[in-house]
Each structure stands twice: as C-alpha cells, then as structure tokens.
Amino acid sequence: MLLSLSTFLSVFFHLAGVYFEKVLKSSDTSLWVRNIQMYISGITVTLAGVFLTDGQAVIEKGFFYGYNPLVWLVVLLASVGGLYTSVVVKYTDNIMKGFSAAAAIVISTIASVLLFGLQITLTFAVGALLVCVSIYTYGLPRKDTTKLEMKDTGSSEKLIGV
C-alpha cells in the first residue's frame, strides 16, 4: 500500500513539473506574471489550511505572532527558492530542476556533516553517488542520432552507420 502511494505521488508530482514547464514555455505571459498567479493560488490554499487548523489562535494573536528574524529569513529563502525554480524551469528544463534539487540535498548534507557532525548512512552515500553520476552523464555532449552517415568500407558495398 505504501509503495503504491509513493509511486502514485511520484508520478503525480513529476507530471505536475512537466505541466509547469509546458505552461512556462508555451505561454506569451511574462514569467513574473506567472509567478504572481502561482503565488496567489498557493497563498489562498495555505491561508485556508492555517485557518482550518489554527484559526482561533490566529484570530486571537495575529497571523505573524511568534515570527522572529530567523523565521523571516526562512520565509525569504523559500520565496527566493520558488522564484529561482521558475527561472530554472523557464530557461532550462524540468530534468535540470530535478538535478538541481538533488544536488542541493547532497550539498546540504555535506554541510551538515561538516557543521553538525551528521552521520551518513550507506543508503544515502549510494544515492548521492547516483545523483552525481546522473548529473555528470546528463552534462555529457550529445551525439546527433537523427542523421545517417555513410561509412566508406573500401568495397563497392555501402554500409549505413548510425
């Protein structure tokens, strides 16, 4: 049951990413207008969730109760991260966005090891290695396979090579 749910969610999120890329690249609407449209819908859903779960506390103490400079820094970083993600998807592709996210996880973990003494498991090490190999392989020059080239074999027969 858990495996099928995670598979469904993975497919769902990747299809959403592909759709997001299609919307950004096929529309004449500005990237910044698209960002505002997405943020408005996200803010609406989030506010609905906040008021459904903590509505009474928000009404009594206010929405920003308990916010300190560290919380504001996290909000700022999340906002900049969302803008950065849309720029990456607009000017590269959804695959590069996935690689960026995976590389960020690896870099964050390395920083956590150095700063906080985090212990890395074998599973994470194998996953990080696969991420690094995938990024390297994706960056290799591509060979044009759309054209057929004729190879000279020295005989009267002509062989077609791909």
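Asker: Quick one: what's the story with the overall build of the protein, residue by residue and with numbers?
Answerer: Along the backbone of the protein there are five helices and two strands. When the helices and strands of the protein are placed in sequence order, the string is α-α-α-α-α-β-β. A compact globule built from 162 residues should have a C-alpha radius of gyration of about 15 Å, whereas the protein, at 24 Å, is more than 25% larger. Seen through its C-alpha atoms, the protein measures out along the principal axes to roughly 90 × 45 × 35 Å. Of all 162 residues assigned to the protein, the portion counted as buried reaches 14%. For the protein, the share of sequence-separated contacts (at least 6 apart) that also reach a separation of at least 24 residues comes to 51%. Just so you have it, the protein exposes about 13000 Å², and 72% of that area is on carbon and sulfur atoms. When the 11 positive and 9 negative side-chain charges of the protein are each reduced to one mean point, those points stand 2 Å apart.

Asker: Got a sec to walk through the packing of aromatic side chains? Specific residues and values, please.
Answerer: Think of a pair of aromatic rings as described by two things: how far the centres are apart, and how the planes are tilted against each other in angle. Summed over all chains, the structure comprises six aromatic pairs. With a centroid separation of 5.0 Å and an interplanar angle of 90°, the aromatic rings of Phe63 and Phe64 are classed as edge-to-face. Phe63 gets classed as partly exposed once you look at its relative accessible area, which sits at 35%. Its relative accessible area of 49% is what places Phe64 among the partly exposed residues. Centroid distance Phe63 to Tyr67: 6.4 Å. Interplanar angle 45°. Geometry classified as tilted. On the basis of relative accessibility, which here comes to 31%, the residue Tyr67 falls in the partly exposed class. By the ring-pair criterion, three or more aromatic residues cluster together here, those being Phe63, Phe64, Tyr67 and Trp72.

Asker: Can you break down the environment of Val131 residue by residue, with the values?
Answerer: Tracing the sequence through the fold places Val131 in helix α5 (residues 122-138). Residues Val131 and Val106 lie 25 residues apart in sequence; the distance between their C-alpha atoms is 8.3 Å. Among all residues touching Val131, those that are not within four sequence positions of it are Ala102, Ala103 and Val106.

Asker: Residue-level account of the packing of helix α1 (residues 2-26) against helix α3 (residues 69-91), with values.
Answerer: Look at α1 against α3: their axes get within 9 Å of each other, and the N-to-C directions meet at 70°. Classified by the interaxial angle, the pair formed by α1 and α3 is roughly perpendicular. For the pair formed by α1 and α3, the contact residues are Phe20, Glu21, Leu24 and Lys25 on the first element and Ser86, Val89 and Lys90 on the second. Classifying every residue of the contact of α1 with α3 gives three nonpolar, one polar and three charged.

Asker: How would you summarise the environment of Arg142 if you had to cite specific residues and measurements?
Answerer: Assignment of secondary structure puts Arg142 in the loop between α5 and β1 (149-151). Along the sequence, Arg142 and Ile43 sit 99 residues apart, while their C-alpha atoms lie 41 Å from each other.

Asker: Just give me the short version of the environment of Tyr138, but keep the residues and values in it.
Answerer: Looking at where Tyr138 falls in the secondary structure, it is placed in helix α5. If we skip the residues at most four places from it in the chain, Tyr138 touches Asp93, Ile95, Met96 and Phe99.

Asker: Tell me about a nonpolar patch on the surface, and please be specific about residues and values.
Answerer: Residues Tyr39, Ile43, Leu47, Phe51, Ile59, Phe63, Phe64, Tyr67, Trp72 and Val75 make up a contiguous nonpolar surface patch of about 940 Å² in total accessible area. In this fold, Ile59 is placed in helix α2 (residues 31-61).

Asker: Explain the side chain of Arg34 residue by residue, including any values.
Answerer: Secondary-structure assignment places Arg34 in helix α2. Despite its burial, Arg34 pairs with no opposite charge, the nearest such side chain being Asp28 at 8.9 Å. Here Gln37 takes part through its side chain, which lies 2.9 Å from a polar atom of the side chain of Arg34.

Conventions we followed
- Residues numbered from 1 in each chain as written.
- Predicted model: local features only at pLDDT ≥ 70, side-chain atom pairs only at ≥ 80, totals over all residues.
- Heavy atoms only, no water.
- Helix = DSSP H or I, 4+ residues; strand = E, 2+ residues; numbered from the N terminus.
- Rg over C-alpha atoms; globule rule 2.2 N^0.38 Å.
- Buried < 20%, exposed > 50% of the residue type's maximum accessible area, 1.4 Å probe, protein only.
- Contact = heavy atoms within 4.5 Å.
- Areas by Shrake-Rupley, 256 points an atom, 1.4 Å probe, with all protein chains shown as cover.
- Lys, Arg positive; Asp, Glu negative; His and termini not counted.
- Charge placed at Lys NZ, Arg CZ, Asp CG, Glu CD.
- Phe/Tyr/Trp six-rings, centres within 6.5 Å; stacked < 30°, edge-to-face > 60°.
- Axes fitted to C-alpha atoms, helices over the stretch in contact; angles between N-to-C directions.
- Parallel < 35°, antiparallel > 145°, perpendicular 65-115°, else oblique.
- Nonpolar A, V, L, I, M, F, W, Y, C, P; charged D, E, K, R; others polar.
- Patch = residues over 30% accessible without salt bridge, like charges linked within 9 Å, V, L, I, M, F, W, Y side chains within 5 Å.
- Salt bridge = Lys/Arg side-chain N within 4 Å of Asp/Glu carboxyl O.
- Polar contact = N/O pair within 3.5 Å; in protein donor to acceptor, adjacent residues only side chain to side chain.

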